[in-house]
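Next come the chains, spelled out residue by residue.
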Amino acid sequence: LCVLAVPVLFKQALENTAMEEGKSVSLRCELTKADATVVWKKGEATLQASAKYEMKQKGTVAELVIHNAEPEDA
């Protein structure tokens, strides 16, 4: 029995998004495989769910919501 792993690719990659300081901003991407593991990073740092960062995933769509956005979140 031979099982080939199909790589997960972006169907729709992240796009630059304008943000308003102090507001929430949502970043979304769409993957080719439902429920794939998604890790959100800023530079080399892995973001963790917190009051500031909210991670959502439904099917093939992964979303990062940044609450109380600041210039440092760019």
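Preceding this paragraph is the structure being described.
In short, a report on the structure. This structure is a prediction, so every number in the text was calculated from the model and none was measured.

## Considering the overall build of the chain
Moving on, step 1. When its secondary structure is counted, the chain shows zero helices and six strands.
Moving on, step 2. On C-alpha atoms alone, the chain measures out to a radius of gyration of 14 Å, which is more than a quarter above the 11 Å that the 2.2 N^0.38 rule sets for 74 residues.
Moving on, step 3. Overall size of the chain, expressed as C-alpha extent along the three principal axes, is 55 × 20 × 20 Å.
Moving on, step 4. Every one of the 74 residues in the chain was classed for burial, and the buried ones make up 22%.
Moving on, step 5. Sequence separation of 24 or more characterises 47% of the internal contacts of the chain that already satisfy a separation of 6 or more.
Moving on, step 6. Carbon and sulfur atoms provide 53% of the accessible area of the chain, an area that totals close to 5,800 Å².
Moving on, step 7. Placing the 9 positive and 11 negative side-chain charges of the chain at their respective mean positions leaves the two points 7 Å apart.

Cut-off values and rules
Residues numbered from 1 in each chain as written. Predicted model: local features only at pLDDT ≥ 70, side-chain atom pairs only at ≥ 80, totals over all residues. Heavy atoms only, no water. Helix = DSSP H or I, 4+ residues; strand = E, 2+ residues; numbered from the N terminus. Rg over C-alpha atoms; globule rule 2.2 N^0.38 Å. Buried < 20%, exposed > 50% of the residue type's maximum accessible area, 1.4 Å probe, protein only. Contact = heavy atoms within 4.5 Å. Areas by Shrake-Rupley, 256 points an atom, 1.4 Å probe, with all protein chains shown as cover. Lys, Arg positive; Asp, Glu negative; His and termini not counted. Charge placed at Lys NZ, Arg CZ, Asp CG, Glu CD.

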